[in-house]
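A closer look at the structure
Chain by chain, the residues:
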Amino acid sequence: MTGFALVGLGGALGSMLRYTISLIPYKSTFPLLTLLTNVLGAVLIGYITGLAVQKNLSEHVILFLKTGLCGGFTTFSTFSLEAHTLLQNGQYGYAALYLLLSLSGSILGVVCGMKLA
């Protein structure tokens, strides 16, 4: 049960941070603030992953930071970490497939969701 609480608390914090970025007064048709959020999330999850290995962080801290905070901030960070892991492990075919299916599937999912509504 502790894991759920840690993920929930981290997720709430991550969501609040994402919302804070959305309040930056920026007007354009290009989604710069979302791009900024996704890139910052990727940097954050990479930093946390590296820190977890170097400092031998506890599973509870990792759950709070990676699954909770980063997951609430942007799931794009998890996507980026998984794609990087596939590439780092030399699984180039799987990485390409994952990238292609994630991007096209997500866009198609948005279209389908909008049509369903």
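See the structure shown above.
Residues numbered from 1 in each chain as written. Predicted model: local features only at pLDDT ≥ 70, side-chain atom pairs only at ≥ 80, totals over all residues. Heavy atoms only, no water.

Some words on the packing of aromatic side chains
The condition is simple: To pair, rings of Phe, Tyr and Trp, with the six-membered ring standing in for Trp, must have centres within 6.5 Å; the planes then decide the type, stacked if under 30 degrees apart, edge-to-face if over 60, and tilted in the middle. Helix numbering and strand numbering both begin at the N terminus, where a helix is a DSSP run of H or I of at least 4 residues and a strand a DSSP run of E of at least 2. Classification of residues uses two cut-offs on accessible area relative to the type maximum, computed with a 1.4 Å probe and protein chains only: under 20% is buried, over 50% is exposed, and between them is partly exposed.
All chains considered together, the criterion is met by two aromatic pairs. When the centroid spacing of 5.1 Å and the interplanar angle of 45° are considered together, the rings of Phe76 and Phe79 count as tilted. Highlighted residues: Phe76 and Phe79, both in helix α4 (residues 76–88), separated by three residues, approximately one helical turn. Given the relative accessible area of 32%, Phe76 is considered partly exposed.

Considerations on unusual backbone geometry
Leaving glycine aside, a negative phi is the common case for residues, and trans is the common case for peptide bonds. Unusually for a residue other than glycine, Asn56 sits at a positive phi of about 50°. With respect to the helices and strands, Asn56 occurs in the loop between α2 (32–55) and α3 (59–73).

Side note on the packing of helix α1 (residues 2–22) against α3
Here is the rule: Simply put, an axis is a line fit to the C-alpha atoms, just over the touching stretch for a helix, and the angle between two N-to-C directions goes from 0 to 180 degrees. Handedness of a crossing is defined here by the sense of rotation of the near helix relative to the far one, left-handed for an anticlockwise turn of less than a right angle and right-handed for a clockwise turn. By the convention adopted, Pro, Cys, Tyr, Trp, Phe, Met, Ile, Leu, Val and Ala count as nonpolar, Lys, Arg, Asp and Glu as charged, and the other residues, Gly among them, as polar.
Across the interface, α1 lies against α3 with an axial gap of 6 Å and an inter-helix angle of 35°. For the pair α1 and α3, the crossing hand works out as right-handed. Split by residue class, the contact of α1 with α3 holds 10 nonpolar, 10 polar and one charged.

Some words on the environment of Tyr47
Secondary-structure assignment places Tyr47 in helix α2. Put simply, Tyr47 and Leu81 are 34 residues apart on the chain and 11 Å apart in space, counted from C-alpha to C-alpha.

Quick look at the side chain of Ser77
In plain terms, the rule: Here, two residues are considered to be in contact whenever any of their heavy atoms come within 4.5 Å of each other.
The residue Ser77 is located in helix α4 in this model. Discounting residues that sit within four places of it in the chain, Ser77 has contacts with Gly41, Ala42, Ile45 and Cys70.

Some words on the side chain of Ser102
Our working definition: Whenever a nitrogen or oxygen atom comes within 3.5 Å of another N or O atom, the pair is scored as a polar contact, on the condition that within protein one atom can donate a hydrogen and the other can accept it, and that pairs from neighbouring residues in sequence are kept only if both atoms are in side chains.
Summarising the element assignment, Ser102 is placed in helix α5 (residues 92–116). For Ser102, the side chain forms a polar contact with the main-chain oxygen of Tyr98, separated by 2.7 Å.

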